[in-house]
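Observations on the model geometry
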Amino acid sequence: MPKSDDPNHAALISAAQRAMHNAYAPYSNFQVGAAILAEDGNIYAGCNVENAAYPVGCCAEASAISAMVMSGQTSIAAIAVVGAGDELCTPCGGCRQRIREFSSESTPILVCDQNGLRHETTLGELLPLSFGPDNLQP
Ligand code: THU
């Protein structure tokens, strides 16, 4: 199993694992947890929240971003995502753009499962040549 060299990452991964257990995913039965280490040093967690009108559910990353922004934070130092299954649970396309809004190219993205870290990547790797806030500067 790969090991992150950042000591803050163990707490971040546990927070995402705990969040996953709160997921409301009766339609997909695919529970996801996410946790963000923000610039203030605090961790903001979220889970996926589905509903009967399938497409309007909320991803775990989006929930975690909402919690962070609600607390006045707008900078992601690192984010962990935890999902089940054999495949890596990487952020979906929409969530890559959501993370992009509050990250830099080098922001670590920790792709995890219930046992811990499986793959460490960056926002720049997952969303190269991205469009972001700088594009809209006058
Ligand atoms: N899901 C997430 O929460 N994050 C992702 O990045 C991938 C997918 C959720 C959405 C839906 O509730 C379930 O996983 C199945 O797609």
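It should be noted that the structure appears before, not after, this text.
Here is a short report on the structure shown in this document. Quantities reported herein were computed from a predicted structural model and do not represent experimental measurements.

1. Here we look at the site of the ligand
If you check the shell around the ligand, you find Ser28, Phe30, Val32, Asn48, Glu50, Cys59, Ala60, Glu61, Thr90, Pro91 and Cys92 and nothing else. One of the side-chain nitrogen or oxygen atoms of Glu50 is found 2.5 Å away from an oxygen atom of the ligand. One of the backbone nitrogen or oxygen atoms of Cys92 is found 2.9 Å away from an oxygen atom of the ligand. Contact with the protein chains removes 76% of the 370 Å² of surface that the ligand exposes when unbound. By residue class, the composition of the shell around the ligand is six nonpolar, three polar and two charged.

2. Thoughts on the sheet that holds strand E2 (residues 43-47)
An order of E2-E1-E3-E4-E5 is seen for the five strands of this open sheet, with the pairing classed as mixed. Both outer strands of the open sheet, E2 and strand E5 (116-122), are each paired with one neighbouring strand and no more. Direction aside, the axes of adjacent strands within the sheet are offset by 20° on average. Two elements, strand E3 (residues 76-83) and strand E4 (residues 108-113), share four bridges in a ladder whose sense is parallel. Bridge pairing in E4 places Val81 opposite Val111. On the sheet, helix H2 (residues 60-70) packs against strand E1 (32-38), E2 and E3 and is oriented at approximately 140° with respect to E2.

3. Observations concerning the packing of aromatic side chains
This structure, assessed with the given rule, holds one aromatic pair. A centroid spacing of 5.3 Å and a plane angle of 45° characterise the contact between Tyr27 and Tyr54, whose relative ring orientation is tilted. Taken together, the residues Tyr27 in the loop between helix H1 (9-20) and E1 and Tyr54 in the loop between E2 and H2 connect sequence positions 27 residues apart.

4. Remarks on unusual backbone geometry
One non-glycine residue, Asn29, lies in positive phi territory at about 55°. A positive phi angle, close to 50°, is found at Leu129, a residue other than glycine. Looking at the element boundaries, Leu129 is found in the segment after helix H4 (123-126). Using a relative accessible area of 86% as the deciding quantity, one classes Leu129 as exposed.

5. Considerations on the side chain of Glu61
Structurally, Glu61 is set in helix H2. With near-sequence residues (within four places) excluded, Glu61 lies in contact with Ala34, Ile79, Val81, Pro91, Cys92, Cys95 and Ile99.

6. Observations concerning the environment of Asn22
Here Asn22 is to be found in the loop between H1 and E1. For Asn22, a relative accessible area of 60% gives the class exposed. A C-alpha to C-alpha distance of 9.0 Å links Asn22 and Val49, two positions 27 residues apart in sequence.

7. Considerations on the nonpolar core
Ranked by internal contacts, the top residues of the largest apolar core, which has 19 residues, are Ile36, Met68, Ile76, Ile79, Ile99 and Ile109. Contact partners of Ile76, with chain neighbours within four places excluded, come to Ile36, Leu37, Ile65, Met68, Ile99, Phe102, Ser103 and Thr107. Counting residues in each nonpolar core, the second largest holds 13 residues, with Leu12, Ala35, Leu37 and Leu110 among its members.

8. With respect to the pairing of E3
Among the eight residues in E3, seven count as buried, and that is most of the element. In the sheet, E1 pairs with E3 via seven bridges, with the strands oriented antiparallel. Its bridge partner being in E3, Ala34 is matched across the sheet by Val81. For the crossover from E3 across helix H3 (residues 93-100) to E4, the handedness is right-handed.

Conventions used here
Residues numbered from 1 in each chain as written. Predicted model: local features only at pLDDT ≥ 70, side-chain atom pairs only at ≥ 80, totals over all residues. Heavy atoms only, no water. Near = heavy atom within 4 Å. Polar contact = N/O pair within 3.5 Å; in protein donor to acceptor, adjacent residues only side chain to side chain. Areas by Shrake-Rupley, 256 points an atom, 1.4 Å probe, with all protein chains shown as cover. Nonpolar A, V, L, I, M, F, W, Y, C, P; charged D, E, K, R; others polar. Pairing = 2+ DSSP bridges. Helix = DSSP H or I, 4+ residues; strand = E, 2+ residues; numbered from the N terminus. Axes fitted to C-alpha atoms, helices over the stretch in contact; angles between N-to-C directions. Contact = heavy atoms within 4.5 Å. Phe/Tyr/Trp six-rings, centres within 6.5 Å; stacked < 30°, edge-to-face > 60°. Buried < 20%, exposed > 50% of the residue type's maximum accessible area, 1.4 Å probe, protein only. Core = buried A, V, L, I, M, F, W, Y, C linked by side-chain atoms within 4.5 Å. Right-handed = clockwise from strand over helix to strand, strands pointing away.

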